[in-house]
There are 6 protein chains.
Amino acid sequence: MARPSGRAFDEMRDVEILPHVNKHAEGSCLIKFGDTHVLCLATAEERVPGWMKGTGTGWVTGEYGMLPRSTGSRMDREAAKGKQSGRTQEIQRLIGRALRSVVDFEKMGERQVRVDCDVLQADGGTRTAAITGGFVAMHLAFQHWVETGAMASVPINDTVSAVSCGIYEGAGVSDLDYDEDSTAETDANFVMTGSGGIVEIQGTAEKEPFSEEEFLKLLELAKKGCAELTAVQKEVLGL
Amino acid sequence: MARPSGRAFDEMRDVEILPHVNKHAEGSCLIKFGDTHVLCLATAEERVPGWMKGTGTGWVTGEYGMLPRSTGSRMDREAAKGKQSGRTQEIQRLIGRALRSVVDFEKMGERQVRVDCDVLQADGGTRTAAITGGFVAMHLAFQHWVETGAMASVPINDTVSAVSCGIYEGAGVSDLDYDEDSTAETDANFVMTGSGGIVEIQGTAEKEPFSEEEFLKLLELAKKGCAELTAVQKEVLGL
Amino acid sequence: MARPSGRAFDEMRDVEILPHVNKHAEGSCLIKFGDTHVLCLATAEERVPGWMKGTGTGWVTGEYGMLPRSTGSRMDREAAKGKQSGRTQEIQRLIGRALRSVVDFEKMGERQVRVDCDVLQADGGTRTAAITGGFVAMHLAFQHWVETGAMASVPINDTVSAVSCGIYEGAGVSDLDYDEDSTAETDANFVMTGSGGIVEIQGTAEKEPFSEEEFLKLLELAKKGCAELTAVQKEVLGL
Amino acid sequence: MARPSGRAFDEMRDVEILPHVNKHAEGSCLIKFGDTHVLCLATAEERVPGWMKGTGTGWVTGEYGMLPRSTGSRMDREAAKGKQSGRTQEIQRLIGRALRSVVDFEKMGERQVRVDCDVLQADGGTRTAAITGGFVAMHLAFQHWVETGAMASVPINDTVSAVSCGIYEGAGVSDLDYDEDSTAETDANFVMTGSGGIVEIQGTAEKEPFSEEEFLKLLELAKKGCAELTAVQKEVLGL
Amino acid sequence: MARPSGRAFDEMRDVEILPHVNKHAEGSCLIKFGDTHVLCLATAEERVPGWMKGTGTGWVTGEYGMLPRSTGSRMDREAAKGKQSGRTQEIQRLIGRALRSVVDFEKMGERQVRVDCDVLQADGGTRTAAITGGFVAMHLAFQHWVETGAMASVPINDTVSAVSCGIYEGAGVSDLDYDEDSTAETDANFVMTGSGGIVEIQGTAEKEPFSEEEFLKLLELAKKGCAELTAVQKEVLGL
Amino acid sequence: MARPSGRAFDEMRDVEILPHVNKHAEGSCLIKFGDTHVLCLATAEERVPGWMKGTGTGWVTGEYGMLPRSTGSRMDREAAKGKQSGRTQEIQRLIGRALRSVVDFEKMGERQVRVDCDVLQADGGTRTAAITGGFVAMHLAFQHWVETGAMASVPINDTVSAVSCGIYEGAGVSDLDYDEDSTAETDANFVMTGSGGIVEIQGTAEKEPFSEEEFLKLLELAKKGCAELTAVQKEVLGL
């Protein structure tokens with residue numbers, strides 16, 4: 001068995017993070033996982049949602065969208081359909097939880113960061129690229145506050161990144177692209193911190209149920225993949 | 001440390017499944033995980049969604065809702081708000097995937113089963129109760145087709161059930177109730193088949209990231225819990 | 001002519017009201033008009049709608065829903081369709097008006113009761129069952145406030161109940177079930193107080209216009225039916 | 001006691017029906033109940049809703065709207081709010097039922113009439129004016145089909161009109177205007193045919209429950225009022 | 001070449017403005033451009049949108065709607081469809097900009113005028129009739145404030161009116177009716193003040209691009225047309 | 001007076017068109033008008049809208065969106081708000097009309113091109129950039145069909161581009177950026193063909209009405225600007 005892309009089983013696609021790609025956003029990057037390109041724009045705001053007012057603590061949220069023709073066949077625009085799909089909302093919630101897992105809300109004060117992750121081109125793994133790039137954009141937005149004197153240091157405890165792994169033609173492989181993702185027997189997304197903690201695991205049997213053994217194989221691949229992503233994030237951010 | 005309910009760490013709540021509770025639905029049950037009560041009504045239909053027409057195969061979907069006052073403080077009615085929350089959609093998608101994992105769509109022919117899981121009273125674990133009860137309602141709907149001669153046998157390969165486990169005050173516990181769920185450090189939902197295969201894992205760090213060791217502890221608890229749920233399902237269904 | 005159910009012309013279905021069926025709601029009951037089952041959950045809230053603030057008086061509203069498979073053929077979920085049907089809104093408004101007709105808003109103070117009536121199983125007469133059970137749930141919610149010391153006595157002047165009567169195969173019959181309702185020539189809903197006052201009358205000719213004489217026959221049946229419902233309500237509430 | 005308008009208890013407002021007020025609609029009239037002005041435009045269409053296709057019979061529907069400033073204080077536009085209120089839907093359903101009660105759908109063939117009733121100026125009784133004027137517009141639309149040879153005769157069995165009566169300061173009065181409507185103790189709408197049959201009764205106690213005796217008084221007033229409306233309709237239509 | 005209506009190339013349709021046609025609106029008129037009839041109702045309110053509070057200045061907005069059967073074939077009701085079309089929103093925005101161009105917001109104080117323009121019958125040029133009549137309604141609403149002493153004088157600097165001109169069968173014509181509008185090669189709407197200033201130009205090539213020369217021809221026609229409309233406005237308002 | 005950017009009155013910003021920037025879209029480009037960046041993705045589809053079926057002719061539509069943080073302060077996501085703003089719809093309609101003005105629908109056959117213009121970064125003039133880039137993307141999509149043999153030649157008669165000009169501090173200037181656009185007295189968008197025909201003019205007085213003379217000045221600037229844009233388009237497309 002060979003992967004369609006010719007990659008080794010535990011080989012990620014080329015990962016590239018281009019920071020400062022937007023003149024308005026306080027933090028921004030364009031992240032590429034191979035042909036998957038996600039624009040991550042973080043907005044730093046001196047206010048919090050109504051239910052947090054007076055708590056003295058901050059908040060971080062993620063939003064997600066796909067351009068209509070980011071995919072192989074064009075999708076209708078969610079704004080035109082008048083609602084976001086269940087999939088979109090599920091991914092937005094995941095991004096928000098992932099980013100919040102490494103933020104110290106006490107240190108933030110009553111401020112919020114909103115991270116928009118918009119997929120310009122999709123080739124599998126858009127949500128994992130969004131989390132990985134979203135972290136960089138969020139970090140840059142905090143740095144902006146540090147530079148303007150709003151806070152003393154970046155209130156982030158750790159890095160966070162994500163990768164999808166799966167069982168493809170019977171074997172565990174790392175960082176599924178679209179060809180693999182659409183035929184994989186099992187697909188699991190792992191969100192992990194730079195220090196190796198697990199933030200979120202979402203594993204789904206697409207056809208047959210999977211075994212504990214298979215699952216542990218995927219977890220191994222994910223640990224390796226996230227470690228590589230962490231290195232790219234740290235280099236871009238100068239950490 | 002002790003659980004608020006006084007249960008042992010690996011002790012599920014009392015689980016009760018009352019079948020045939022609705023005169024209209026082809027399959028139905030009321031499932032109780034302690035004080036969590038979910039009404040599961042399965043509708044057997046001689047048609048499939050438009051995109052499946054002519055394929056000769058069937059389909060199963062799940063839908064989920066909570067009565068406004070099923071919870072401690074009343075929620076607004078989703079029908080009145082004009083849309084389903086991201087959480088509702090996420091759970092509906094999970095229920096559908098879980099139920100479909102054990103169905104043989106070829107044997108179904110062009111038919112569909114739609115399983116409505118409505119929470120009458122919530123005390124944590126509504127989605128896992130919905131999957132476990134939804135399976136029973138779906139099975140009964142298939143039996144209805146067998147009895148009316150529409151199909152020779154129930155086109156189901158295995159049973160499927162679900163349980164949530166978590167890290168509560170540092171220890172792994174099984175079948176979280178609301179008191180535990182709202183303060184647990186980590187919460188994971190496991191969907192497993194009767195023969196022990198894993199269909200879905202969703203683990204989330206609510207506060208601190210969790211370790212692989214902790215996660216494996218939860219997986220052990222889930223295997224034990226799902227085995228117990230399987231026994232209840234089989235007894236109700238006479239399998 | 002005979003009724004499909006074998007009932008006498010002025011005979012109601014068996015009516016059963018099970019109180020305290022929900023651990024969260026301040027007032028609750030499950031009401032059964034034969035095979036029509038409606039879960040009524042009343043929420044007592046220490047606040048009023050914005051337009052009432054500062055008036056010192058209270059408010060009561062009703063909401064209504066049907067589970068998708070409460071009926072013979074499954075209906076789409078209103079939350080999924082993104083709006084409530086005209087029929088749902090019409091019934092909600094009727095329930096609210098009926099319940100408010102017996103409440104003393106001055107004595108309530110600035111509080112509100114919201115009564116959710118959700119149909120678990122439908123066999124005709126869901127709105128009349130909802131009003132009759134909704135009154136019980138509302139009364140129990142007020143009793144809760146009395147027990148907690150929020151008010152000295154239950155601020156209710158009278159009981160209120162409802163019944164549908166119709167012309168079926170030329171004869172007036174009481175408490176239509178689905179078989180009768182779907183073929184009746186005329187269908188009228190009556191909401192009446194325990195002391196015999198009329199709160200609401202809604203009579204509709206489904207086929208031929210009806211005469212004043214026919215209408216008065218239905219009114220007689222309604223008075224008898226509501227008197228019986230009042231007796232059941234009083235027994236359950238210990239009035 | 002005297003009515004604000006100085007009318008006698010059983011005196012209707014001046015009723016005027018101006019036919020043929022729109023160059024596009026197959027049937028049209030502007031109806032005035034005093035200062036309540038409703039434009040009724042009937043559209044004759046050679047098609048039926050999907051669920052009626054192939055039945056060989058026709059259908060009639062009513063729609064209702066109020067211009068934002070038809071009322072004393074401006075209401076938001078329903079199109080801008082993105083949904084029709086419960087009140088609007090309730091009235092639309094009532095208009096449709098009323099108009100359908102006098103139509104012979106077999107004779108219509110597979111055609112439909114849609115009657116739009118839009119309130120240009122409101123002063124109480126808009127729904128009863130809409131039904132009364134809507135009947136005239138519908139009749140004219142059928143006459144259009146007769147004139148164009150689509151059908152041999154107008155497939156209408158009877159006329160239909162409507163009036164609201166109420167208990168105002170303790171006395172029964174006919175055709176409530178806004179001043180009366182907003183303070184009446186009881187308000188009832190009656191839809192009746194030209195030959196005296198009752199099509200719909202909707203009576204509501206706005207404050208105290210009402211008695212059977214009071215209700216019968218309103219019914220007497222309604223019969224007199226609808227007889228007068230019938231005479232105006234017949235004169236306009238040349239029947 | 002001749003115009004379908006027999007009008008000269010630079011001849012407007014008969015324009016009629018009937019003021020004070022609604023008992024509730026502070027300013028109102030019915031404007032007729034031939035068979036195009038638009039009801040313009042202006043509401044004077046002692047409040048401004050949230051974003052203007054505390055500025056001490058006022059605001060004017062326009063809204064637009066068409067009755068479902070104002071046109072040759074019936075359109076669905078926007079309120080029923082749950083949203084306003086792009087065309088409706090575009091016209092509303094245009095009306096608002098046009099009316100605001102002649103108002104002195106400082107002199108208004110924190111008040112707003114909302115002008116509803118509802119098309120009762122359409123025969124081309126509804127937006128230009130709406131602007132022309134909307135100005136009259138707005139002016140009357142300001143006069144109402146002057147009469148009630150809320151302001152010393154009408155805070156309007158100039159009149160504003162609008163006309164559509166087009167290239168029809170190769171020639172420039174003024175005030176297109178529906179027959180011309182639906183086949184014109186080019187259609188342009190001009191909004192102009194009484195003193196000859198240009199407020200808005202919207203020119204669109206419906207088939208072939210048009211030349212600067214053609215455009216200047218339309219501009220000449222528009223100047224003549226708006227001058228005639230200005231005269232009618234001034235006469236109605238007694239300016 | 002000097003322009004904030006230091007440009008000459010008739011000087012456009014640097015315009016750059018990068019073609020083939022998306023692996024899925026049949027035609028694509030990223031267009032930059034200075035700091036305004038719009039991604040234009042054209043989808044070539046072998047089908048037409050329902051109302052065109054059987055006509056043998058084709059269709060072209062445009063859609064438009066802005067990323068939430070493409071602007072100086074973040075806007076809410078239209079998909080989350082559940083509807084597209086009036087501005088968005090107005091621009092979409094404009095883009096569609098502009099692109100269609102140069103296409104030969106007969107030669108297209110029953111096919112459609114949908115051009116999505118999404119603003120990645122906004123600095124004024126997004127709609128004119130969208131039209132100019134959208135034309136390039138559309139042309140490339142037609143070339144794709146030519147290359148695959150679906151049609152013999154590109155069914156486009158001319159190029160089309162757009163520029164905004166305005167009166168800024170009393171002087172006419174070309175290609176307004178955000179600083180100018182937000183304070184300009186008058187703002188006009190011109191859509192013109194490569195051969196100099198006018199497709200659309202939209203001129204709006206933001207403060208004072210403008211004169212014919214001022215308008216003609218803007219038209220001169222627009223002709224010069226569109227000629228420069230045409231040259232860039234032709235170079236990119238090799239025309």
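Report follows, based on the coordinates.

Now for the overall build of chain A. Along the backbone of chain A there are six helices and nine strands. Compactness check: chain A gives a C-alpha radius of gyration of 18 Å against a globular reference of 18 Å for 239 residues, within 12% of the reference. Along the longest, intermediate and shortest principal axes, the C-alpha atoms of chain A span 55 × 40 × 30 Å. Sorting the 239 residues of chain A into buried and exposed places 61% on the buried side. Long-range pairs, those at least 24 residues apart, make up 69% of the contacts in chain A with a sequence separation of at least 6. When the accessible area of chain A is evaluated, it comes to approximately 8,600 Å², of which 47% is carbon and sulfur surface. Treating the 25 positive side-chain charges of chain A as one cloud and the 37 negative ones as another, the clouds have centres 6 Å apart.

Along the polypeptide, Leu219 of chain C turns up in helix α6 (residues 212–237). When the C-alpha positions of Leu219 of chain C and Ser101 of chain C are compared, they lie 19 Å apart, and in sequence the two are 118 residues distant. Once residues lying within four places of it in the same chain are set aside, the contact partners of Leu219 of chain C are Phe190 and Ile198 of chain C together with Glu212 of chain D.

Attention now goes to the sheet that holds strand β1 (residues 15–19) of chain A. All names here are of chain A. Reading across from one edge, β1-β2-β3-β5-β4 is the order of the five strands in this open sheet, with mixed pairing throughout. Each edge of the open sheet is held by one strand with a lone partner, namely β1 and β4 (59–66). Strand-to-strand twist in this sheet, taken as the mean axis angle between neighbours without regard to direction, amounts to 20 degrees. Along the sheet, helix α6 (residues 212–237) makes contact with β1 and β2 (27–33), crossing β1 at roughly 25 degrees.

For the rest of this paragraph, the subject is the relation of the copies chain B and chain C. The transform that puts chain B on chain C rotates by 180 degrees and translates by 0.0 Å along the axis, for an RMSD of 0.0 Å. Taken together, the turn and the small shift mark the pair as related by a two-fold rotation axis. A share of 100% of interface residues in chain B that are also interface residues in chain C marks the association as one of identical surfaces.

What follows is about the interface of chain B and chain C. Between chain B and chain C, the residue contacts involve 38 residues of the former and 38 residues of the latter. Interface of chain B and chain C: buried area, both sides summed, is about 2,900 Å²; carbon and sulfur atoms make up 45% of it. Looking only at chain B, the three residues that lose the most surface to chain C are Arg69, Arg74 and Arg77 of chain B, adding up to 26% of its buried area. Taken together, chain B and chain C are joined by 16 salt bridges. Arg77 of chain B is the partner of Asp116 of chain C in a salt bridge, and the nearest nitrogen-oxygen pair spans 2.7 Å. Viewed at the interface, chain C and chain B are joined by 26 residue pairs in polar contact (both at pLDDT 80 or more). If you list the elements that add at least two residues to the side of chain B that touches chain C, you get β3 (36–45), β4 (59–66), α1 (78–81) and β5 (112–121) of chain B. Per-element accounting of the side of chain B that touches chain C gives the leading share, six residues, to β5 of chain B. Tallied by class, residues from the side of chain B that touches chain C come to 13 nonpolar, 11 polar and 14 charged.

All names here are of chain B. When you tally the buried positions in strand β8 (residues 186–193), you get eight out of eight residues, the bulk of the element. Here β8 shows a buried face lined by Thr186, Ala188, Phe190 and Met192 and a second buried face lined by Asp187, Asn189, Val191 and Thr193. Across eight bridges, strand β6 (residues 160–168) lies against β8 in antiparallel orientation. When the bridges of β8 are listed, Ile167 appears paired with Thr186. Two strands pair when backbone bridges link them, and β8 and strand β9 (residues 198–205) are joined in this way by seven bridges, in the antiparallel orientation. If you follow Val191 over to β9, its bridge partner there is Glu200.

All right, on to helix α2 (residues 86–100) of chain F then. Residues and elements named next belong to chain F. Taking 1.5 Å as the rise per residue, α2 with 15 residues should run 21 Å; its terminal C-alpha atoms sit 21 Å apart, in good agreement. Most of α2 sits inside the fold, with 11 of its 15 residues counted as buried. Those residues of α2 that fall on the buried side of the exposure criterion are Gly86, Thr88, Gln89, Glu90, Ile91, Gln92, Leu94, Ile95, Gly96, Ala98 and Leu99.

Attention now moves to unusual backbone geometry. In most cases, non-glycine residues show a negative phi, while peptide bonds are predominantly trans. Residues and elements named next belong to chain B. Of note, His20 is a non-glycine position whose phi angle comes to about 55 degrees, a positive value. Structurally, His20 can be placed in the loop between β1 (15–19) and β2 (27–33). Residues other than glycine seldom take positive phi values, yet Glu169 does so here, at roughly 45 degrees. Note that Glu169 resides in the loop between β6 and β7 (171–174).

So, about the packing of helix α2 (residues 86–100) of chain A against helix α2 (residues 86–100) of chain B. Packed helix pairs are specified by the crossing angle of their axes together with the interaxial distance, meaning the distance between the axes. Remark: α2 of chain A packs on α2 of chain B, axes separated minimally by 9 Å, with the N-to-C direction vectors making an angle of 110 degrees. With respect to their mutual orientation, α2 of chain A and α2 of chain B come out roughly perpendicular. The way α2 of chain A lies across α2 of chain B gives a crossing that is left-handed. Here Gly86, Arg87, Gln89, Glu90, Arg93 and Arg97 of chain A of α2 of chain A come into contact with α2 of chain B, specifically with Gly86, Arg87, Gln89, Glu90, Arg93 and Arg97 of chain B. By residue class, the composition of the contact of α2 of chain A with α2 of chain B is no nonpolar, four polar and eight charged.

What follows concerns the sheet that holds strand β7 (residues 171–174) of chain C. One open sheet accounts for eight strands, arranged β7(C)-β6(C)-β8(C)-β9(C)-β9(D)-β8(D)-β6(D)-β7(D); its pairing is antiparallel. In the strand order of this sheet, the two ends are held by β7 of chain C together with β7 (171–174) of chain D, each with one partner. For this sheet the average axis-to-axis angle between neighbouring strands, irrespective of direction, equals 15 degrees. Examined bridge by bridge, strand β6 (residues 160–168) of chain C and β7 of chain C share four bridges and lie antiparallel to one another.

Turning next to the pattern of salt bridges. This model, assessed by the stated rule, comprises 144 salt bridges over all chains. Note that Arg69 of chain F and Glu26 of chain A form a salt bridge whose closest N and O atoms lie 2.5 Å from each other. Of this pair, Arg69 of chain F sits in the loop between β4 (59–66) and α1 (78–81) while Glu26 of chain A sits in the loop between β1 and β2, placing the two residues on different chains. Accessibility expressed as a relative area gives 22% for Glu26 of chain A, which makes it partly exposed. Its salt-bridge partner being Glu212 of chain E, residue Lys223 of chain F comes within 2.4 Å of it at the nearest N-O pair. One end of the pair, Lys223 of chain F, is in helix α6 (residues 212–237); the other, Glu212 of chain E, is in helix α6 (residues 212–237), on a second chain. On the accessibility criterion, Lys223 of chain F (30% relative accessible area) is partly exposed. On the accessibility criterion, Glu212 of chain E (25% relative accessible area) is partly exposed. Among the charged side chains, a network of salt bridges with common partners joins Glu45, Arg47, Glu63, Arg114, Asp116 and Asp118 of chain A together with Arg74, Asp76 and Arg77 of chain F.

Cut-offs applied
- Residues numbered from 1 in each chain as written.
- Chains lettered and ligands numbered in written order.
- Predicted model: local features only at pLDDT ≥ 70, side-chain atom pairs only at ≥ 80, totals over all residues.
- Heavy atoms only, no water.
- Helix = DSSP H or I, 4+ residues; strand = E, 2+ residues; numbered from the N terminus.
- Rg over C-alpha atoms; globule rule 2.2 N^0.38 Å.
- Buried < 20%, exposed > 50% of the residue type's maximum accessible area, 1.4 Å probe, protein only.
- Contact = heavy atoms within 4.5 Å.
- Areas by Shrake-Rupley, 256 points an atom, 1.4 Å probe, with all protein chains shown as cover.
- Lys, Arg positive; Asp, Glu negative; His and termini not counted.
- Charge placed at Lys NZ, Arg CZ, Asp CG, Glu CD.
- Pairing = 2+ DSSP bridges.
- Axes fitted to C-alpha atoms, helices over the stretch in contact; angles between N-to-C directions.
- Least-squares fit on C-alpha atoms with pLDDT ≥ 70 in both.
- Buried area = accessible area lost by both parts, 1.4 Å probe.
- Salt bridge = Lys/Arg side-chain N within 4 Å of Asp/Glu carboxyl O.
- Polar contact = N/O pair within 3.5 Å; in protein donor to acceptor, adjacent residues only side chain to side chain.
- Nonpolar A, V, L, I, M, F, W, Y, C, P; charged D, E, K, R; others polar.
- Expected span 1.5 Å × (residues − 1).
- Parallel < 35°, antiparallel > 145°, perpendicular 65-115°, else oblique.
- Left-handed = near helix turned anticlockwise from the far one by under 90°.

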